[in-house]
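# Summary of the model geometry
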Amino acid sequence: NRRTSRQKFLGPETIFSMEEVVFVFTDIEDSTAMAAANPSLYREVQETHDHIMRQSVVAFEGVEVNTQGDSFELAFGSVVSAVRFCMQVQLRLLNARWPDGCYSMPGCSKVLSPTGKLLF
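For every chain, the first residue of its written sequence is number 1, and the numbers climb from 1 along that sequence. Thresholds applied to this predicted model are a pLDDT of at least 70 for local features of residues and 80 or more for the giving and counting of side-chain atom pairs; totals over whole chains, interfaces and linings are not thresholded and use all residues. As a rule here, side-chain values come from all non-hydrogen atoms in the structure, and water together with hydrogens is ignored.

### Points about the confidence of the model for the protein
In low-pLDDT segments, the atomic positions of the prediction should not be examined closely. In the predicted model, the protein carries a mean pLDDT of 86, and 85% of its residues have values of at least 70. In this model, residues 1-9 is a region of pLDDT below 50 whose contacts with residues beyond four sequence positions or in other chains number 13 contacts. Each residue gets a pLDDT score, which is the predictor's confidence in that residue and runs from 0 to 100. By the convention used here, residues are in contact when the closest approach between their heavy atoms is within 4.5 Å.

### Here we look at the packing of aromatic side chains
For any pair of aromatic rings, the description rests on two quantities: the centre-to-centre distance and the angle between the ring planes. By convention, a stacked pair of Phe, Tyr or Trp rings (six-membered ring in the case of Trp) has centres within 6.5 Å and planes under 30 degrees apart, an edge-to-face pair has planes over 60 apart, and any other such pair is tilted. Tallied over the full model, the rule gives 2 aromatic pairs. On the basis of an interplanar angle of 40° and a centroid distance of 4.9 Å, the ring pair of F76 and F85 is categorised as tilted. The pair formed by F76 and F85 is uniform in burial state, with each residue classed as buried. For each residue, the accessible area found with a 1.4 Å probe, counting protein chains only, is set against the maximum for its type, and the residue is called buried under 20%, exposed over 50%, and partly exposed in between.

### Regarding the nonpolar core
The nonpolar core is taken to be a set of buried Ala, Val, Leu, Ile, Met, Phe, Trp, Tyr and Cys residues, with the residues joined through side-chain atoms within 4.5 Å. The biggest cluster of nonpolar side chains holds 23 residues, and the ones touching the most others in it are L74, F76, F85 and M105. Strands here mean DSSP runs of E at least two residues long; helices mean DSSP runs of H or I at least four residues long; both are numbered from the N terminus. Mapped onto this core, the elements with two or more residues apiece are β1 (22-26), α2 (39-59), β3 (71-76) and α3 (79-95). Examining the composition of this core, we find that 6 residues originate from one element, α2, more than from any other. Residue contacts for M105: discarding those within four places in its chain leaves M34, N38, L41, Y42 and V45.

### Some thoughts on the sheet that holds strand β2 (residues 63-68)
Hydrogen bonds between backbone groups are what pair the strands of a sheet, and the pairing can be parallel or antiparallel. Reading across from one edge, β1-β3-β2 is the order of the 3 strands in this open sheet, with antiparallel pairing throughout. Pairing within the sheet leaves two strands with one partner each, and these edge strands are β1 and β2. Pairs of neighbouring strands in the sheet enclose a mean axial angle of 15°, with direction left out of account. Taken together, the 5 bridges between β2 and β3 define a ladder with antiparallel strand orientation. Each residue of the ladder has a partner; that of N66, found in β3, is E73. To get an axis, fit a line to the C-alpha atoms, keeping to the stretch in contact for a helix; angles then go from 0 to 180 degrees between the N-to-C directions. Packed on one face of the sheet, α2 meets β1, β2 and β3 and runs near 5° to β3. Packed onto the sheet, α3 meets β1 and β3 and runs at close to 20° relative to β1. For two strands to be treated as a pair, DSSP must find no fewer than two bridges joining them.

Structure (structure tokens):
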């Protein structure tokens, strides 16, 4: 759970002050296979993922309740904040600069539209 000094961290106790609580759970698909195939490359992938997740949680005033491996358990004060967080994370993950060799790992590949636009 490394955070930069500029990031604001709202502890789990913050949840009790929220009028509405919306939970978001995330997980990197095929992470066990990726980690087994190339442990050092997977660490870089997870660090990029975790950095994007934590920046986005802060941006939408969410709370990092817990992490387990590569999965995050998050809470937000509204459905709108949770959905905006999810949309931003997906876009940032799509456009992230991933380490060389990432797309050769199990479960990782670029999916392009018929016109060559990156879809996911």
